[in-house]
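# Close look at the chain arrangement
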Amino acid sequence: MNIATIEFLLVFTASLLFLLIFLALYYLWNKTSEIEAITRKSVKTMTRLSGGTLLGLMGKEIWEALSSAKLPEDRREELENRYVYILQRHIERVLEQGMFDHRKGKNETPSSEAAIGGTKGEVQSWIPQKYVKTLYSIGQETALPSLDGEQTDLLMDKIQGAIGAMLSDIGMQNRQRVLFNRVRNNVNSKDDETDSDETD
């Protein structure tokens, strides 16, 4: 075997070895990227699904259970009694997020899901996205510095309308007055706190 053949074999072997190393590294890099993507997705899902259950139901399950006519009357009454506070806090959170984002120059509609603190720990709550968008938009309007009394009343009417539509969807119309009054009082008090903070 002459020197030229040996040199060719060495160059060929080295090239093949480099190619195999490159392919192995590319494969590892690709797999690592896939694992990172899956991990990020899992973390987002876990964050999104944070919060516990309410009488064994969570998130959209609560909404669907109340929307159906299949709940026994006593269980429905208990679920409504406990859910009305969770729903109130969820509504307030979306409104407050709209107000806060407006002041920061942001416009990012929140998710339908939220972990809401209750008397027995956090509960995963869910509101249809159409209502989240409506409430978030109202919250942004509420943060406008030039609102007069009439404009504020109109926004309160919008909040009352959104609450009425939501409660109608889940058969809780009888809770509308109490729920709206709580939300109105809490949103107004939060707005007053913000105004005093800005003037201090």
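Structure's up top.
So, here is what we can say about the structure in this document.

Calculation criteria
Residues numbered from 1 in each chain as written. Predicted model: local features only at pLDDT ≥ 70, side-chain atom pairs only at ≥ 80, totals over all residues. Heavy atoms only, no water. Core = buried A, V, L, I, M, F, W, Y, C linked by side-chain atoms within 4.5 Å. Buried < 20%, exposed > 50% of the residue type's maximum accessible area, 1.4 Å probe, protein only. Helix = DSSP H or I, 4+ residues; strand = E, 2+ residues; numbered from the N terminus. Contact = heavy atoms within 4.5 Å. Phe/Tyr/Trp six-rings, centres within 6.5 Å; stacked < 30°, edge-to-face > 60°. Axes fitted to C-alpha atoms, helices over the stretch in contact; angles between N-to-C directions. Parallel < 35°, antiparallel > 145°, perpendicular 65-115°, else oblique. Left-handed = near helix turned anticlockwise from the far one by under 90°. Nonpolar A, V, L, I, M, F, W, Y, C, P; charged D, E, K, R; others polar. Expected span 1.5 Å × (residues − 1). Bend = angle between axes of the 7 residues up to and from the residue. Salt bridge = Lys/Arg side-chain N within 4 Å of Asp/Glu carboxyl O. Patch = residues over 30% accessible without salt bridge, like charges linked within 9 Å, V, L, I, M, F, W, Y side chains within 5 Å. Areas by Shrake-Rupley, 256 points an atom, 1.4 Å probe, with all protein chains shown as cover.

Moving on, we come to the nonpolar core. Counting residues in each nonpolar core, the largest one holds 40 residues, and the members touching the most others are Tyr 83, Leu 87, Ile 91 and Ile 163. Looking at this core, the elements that each hand over two or more residues are helix 2 (60-67), helix 3 (73-104), strand 1 (113-118), strand 2 (121-126), helix 4 (129-142), helix 5 (149-169) and helix 6 (176-199). The greatest single-element share of this core, amounting to 9 residues, is contributed by helix 3. In contact with Leu 87, other than residues within four places in its own chain, are Trp 63, Ile 127, Leu 167, Ile 170 and Leu 179.

The tally for this structure, following the rule as stated, stands at 2 aromatic pairs. Relative to Trp 29, the ring of Tyr 26 has its centre 6.0 Å away and its plane inclined at 35 degrees; by these criteria the two rings are tilted. Of this pair, Tyr 26 and Trp 29 both sit in helix 1 (residues 3-48), 3 residues apart, which is roughly one turn of that helix. With relative accessibility at 48%, the residue Tyr 26 sits in the partly exposed group. A residue is classified by how much of its surface remains accessible, and Trp 29, at 54% relative accessible area, is exposed.

As a further point, take the packing of helix 4 against helix 5. Packing of helix 4 against helix 5 leaves a shortest axis separation of 10 Å and a crossing angle of 165 degrees. It follows from the interaxial angle that helix 4 and helix 5 lie roughly antiparallel. Considering how the two elements wind past one another, helix 4 and helix 5 form a crossing that is left-handed. Here Lys 130, Tyr 131, Thr 134, Leu 135, Ile 138, Glu 141 and Thr 142 of helix 4 come into contact with helix 5, specifically with Leu 155, Lys 158, Ile 159, Ala 162, Ala 165, Met 166 and Asp 169. Looking at side-chain class alone, the contact of helix 4 with helix 5 contains 8 nonpolar, 2 polar and 4 charged residues.

Moving on: helix 3. If you check helix 3, its first and last C-alpha atoms are 45 Å apart, about what 32 residues at 1.5 Å a residue would give, namely 46 Å. The largest bend in helix 3 amounts to roughly 35 degrees and is located at Tyr 83. The first or second residue beyond helix 3 is Gly 105, which carries a positive phi of 75 degrees.

Here we take up the pattern of salt bridges. Counted by the stated rule, this structure contains 6 salt bridges. We note a salt bridge from Arg 175 to Glu 80, for which the minimum N-O separation is 3.2 Å. Separated by 95 residues along the polypeptide, Arg 175 in the loop between helix 5 and helix 6 and Glu 80 in helix 3 bring together distant segments of the chain. Two residues, Lys 158 and Glu 141, come together in a salt bridge whose shortest N-O distance is 3.3 Å. With Lys 158 in helix 5 and Glu 141 in helix 4, the pair connects residues that are 17 residues apart, well separated along the chain. One salt-bridge network, held together by shared partners, links Arg 76, Glu 77, Glu 80 and Arg 175.

A few words now on a nonpolar patch on the surface. Where nonpolar side chains cluster on the molecular surface, the patch consists of Phe 8, Leu 9, Phe 12, Leu 16, Leu 19, Leu 20, Phe 22, Leu 23, Tyr 26 and Trp 29 and spans about 1,100 Å² of accessible area. Mapped onto the fold, Leu 9 is located in helix 1. Given a relative accessible area of 38%, Leu 9 falls into the partly exposed group.

It is the contact of helix 2 with helix 3, at a shortest axis distance of 11 Å, that shows an interaxial angle of 130 degrees. The angle between helix 2 and helix 3 places the two elements in the oblique class. Of the two possible hands of crossing, helix 2 and helix 3 adopt the one that is left-handed. Only Arg 76, Leu 79, Glu 80, Tyr 83 and Leu 87 of helix 3 make contact with helix 2, whose side of the interface consists of Ile 62, Trp 63, Ala 65 and Leu 66.

Okay, the environment of Ala 143 next. Relative to the elements of secondary structure, Ala 143 occurs in the loop between helix 4 and helix 5. Of the residues examined, Ala 143 reaches a relative accessible area of 8% and is grouped as buried. Spatially, the C-alpha atoms of Ala 143 and Phe 100 are 7.7 Å apart, while their sequence positions differ by 43 residues. Contacts of Ala 143, omitting those with residues within four sequence positions, involve Met 99, His 102 and Arg 103.

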